[in-house]
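What follows is the residue order along each chain.
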Amino acid sequence: MVPSALFSSNNRQIVDNGGVRVFLFVNEKTEYHVLLTYFTFVYGSPRSVERRILWENLKDIGETVNNDWAVLGDFNSILEGNEKQGGGDVCWSSVQEFSNCLSGCHLLDIGCSGPKFSWKRGKLQERIDRLVVNDSWLLSYPHRSIYHLSFNRSDHRPLLLKDDSCTAIFKGPKPFRFLVAWLTDENFGEVVDACWNQTSDWVHAKDKFQREASLWHCNVFKELHRRKLKIQGRLRGLEAEMCRYHSEALERLHKSLW
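Reading the values: the criteria
- Residues numbered from 1 in each chain as written.
- Predicted model: local features only at pLDDT ≥ 70, side-chain atom pairs only at ≥ 80, totals over all residues.
- Heavy atoms only, no water.
- Helix = DSSP H or I, 4+ residues; strand = E, 2+ residues; numbered from the N terminus.
- Buried < 20%, exposed > 50% of the residue type's maximum accessible area, 1.4 Å probe, protein only.
- Areas by Shrake-Rupley, 256 points an atom, 1.4 Å probe, with all protein chains shown as cover.
- Core = buried A, V, L, I, M, F, W, Y, C linked by side-chain atoms within 4.5 Å.
- Disulfide = S-S within 2.5 Å.
- Pairing = 2+ DSSP bridges.
- Expected span 1.5 Å × (residues − 1).
- Arc of directions from axis to C-beta.
- Patch = residues over 30% accessible without salt bridge, like charges linked within 9 Å, V, L, I, M, F, W, Y side chains within 5 Å.
- Salt bridge = Lys/Arg side-chain N within 4 Å of Asp/Glu carboxyl O.
- Contact = heavy atoms within 4.5 Å.
- Phe/Tyr/Trp six-rings, centres within 6.5 Å; stacked < 30°, edge-to-face > 60°.

Draft legend 1. Representation of the overall build of the protein. A tally of regular secondary structure across the protein gives six helices and eleven strands. Within the protein, the proportion of its 258 residues that are buried is 33%. Summed over its atoms, the accessible surface of the protein is roughly 16,000 Å², and 54% of this surface lies on carbon and sulfur atoms.

Okay, here's the thing in structure tokens:
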């Protein structure tokens, strides 16, 4: 049963409790039916004593949730021995405590794709960031998956929640989008002035700006985008190698690309 204290007038409530933040979303609500989805975002302390408090808090939440439930975040704990590379020996007691918590909450790890480890520091790499869900969530969202993105000036990889069922290809002209990155180019102001200072007709100026900005983007920014994609490809290749073995040379090359 969902506790009534979690409801609010706008059908959404945030609950904070000992390192756990719970978002309750009402996806569908009628006179006779309410479809709920819980998202819990967590941070596990690097200290095992404090992580046990998190495990207990998750169990308390799990006892009240009979709907779709997903838990995402940095658990600061691994589930299997092969989720750690480098550093000291695996702390099997911590692994067991984490596993017992997920079992007690009826949560399953949905796995990941991309680079194997989600966190690194020096020679130590671990998969400590993940998404775990209950059976109800898995039935409602069977095509969701987690992908590990490249490190972005952080020792944690961003996690991308993907919908693998979205395979449809949009056909037709692309809608115009203003890119904030354009403002970083000192010459972009000339493009704006040329379009907006020559007419008092707002619609005409808008249409002209969209054409000229799109053309300017193709001539100036597409080359930067190609360079970005090339660097991202090199970063993915380097990180795949760094997951297999530690190399100071690879570390220096990785940092130079950022």
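Draft legend 2. Spatial organisation of the nonpolar core. If you look at the biggest cluster of nonpolar residues, it comprises 18 residues, and the most contacted ones within it are W55, L58, W69, V71, F75 and L107. Those elements that place two or more of their residues in this core are β3 (34-43), α1 (48-62), β4 (68-74) and α2 (92-105).

Draft legend 3. Looking closely at the state of the cysteines. If you walk through the whole model with that rule in mind, you get zero disulfides. Counting only cysteine sulfurs, C105 is the nearest neighbor of C101, a cysteine outside any disulfide, at a range of 4.3 Å. With a relative accessible area of 0%, C101 lands in the buried category.

Draft legend 4. Spatial organisation of unusual backbone geometry. A positive phi is found at N76, a non-glycine position, where the angle reads about 50°. Locating N76 in the fold gives a position in the loop between β4 and β5 (84-85). Backbone geometry places H106, a non-glycine residue, at a positive phi of 60°. Within the secondary structure, H106 sits in the loop between α2 and β6 (108-109).

Draft legend 5. How the structure looks around the sheet that holds β5. The strand order β5-β8-β7 describes an open sheet built from three strands, whose pairing is antiparallel. Edge strands, defined here as strands with exactly one partner in the open sheet, are β5 and β7 (119-121). For β5 and strand β8 (residues 124-126), the ladder comprises two bridges, and the chain directions are antiparallel. Paired with Q85 across the bridge in β8 is Q125.

Draft legend 6. Main features of α1. When the terminal C-alpha atoms of α1 are compared, their 21 Å separation across 15 residues agrees well with the 21 Å that a helix rising 1.5 Å per residue should span. Restricting attention to buried positions, one finds in α1 the residues R51, L54, W55, N57, L58 and I61. One side of α1 holds all its buried residues, which, seen down the axis, span an arc of 165°.

Draft legend 7. Examining a nonpolar patch on the surface more closely. On the surface, F178, V180 and L183 cluster together to form a nonpolar patch covering roughly 320 Å² of accessible area. Along the chain, F178 falls in the loop between β11 (159-163) and α4 (188-196).

Draft legend 8. Seen up close, the environment of F75. Secondary-structure assignment places F75 in the loop between β4 and β5. On the basis of relative accessibility, which here comes to 0%, the residue F75 falls in the buried class. Separated by 32 residues in sequence, F75 and Y43 place their C-alpha atoms 5.7 Å apart. Not counting the four nearest positions on each side in its chain, F75 is found in contact with V42, G44, R51, W55, L58, F98, I128, R130 and V132.

Draft legend 9. Representation of the packing of aromatic side chains within the structure. Within the structure shown, the criterion is met by 16 aromatic pairs. Both rings, one in W182 and one in F188, keep their centres 5.5 Å apart while their planes meet at 40°; by these two values the pair is tilted. Looking at W182, the relative accessible area reads 2%, which means it is buried. Through pairs of rings, three or more aromatic residues link up here, namely F176, F178, W182, F188, W196, W202, F209 and W216.

Draft legend 10. Examining α4 more closely. By the burial criterion, the buried members of α4 are F188, V191 and C195. Relative to the axis of α4, the buried residues are bounded by an arc of 55° and lie together on one face.

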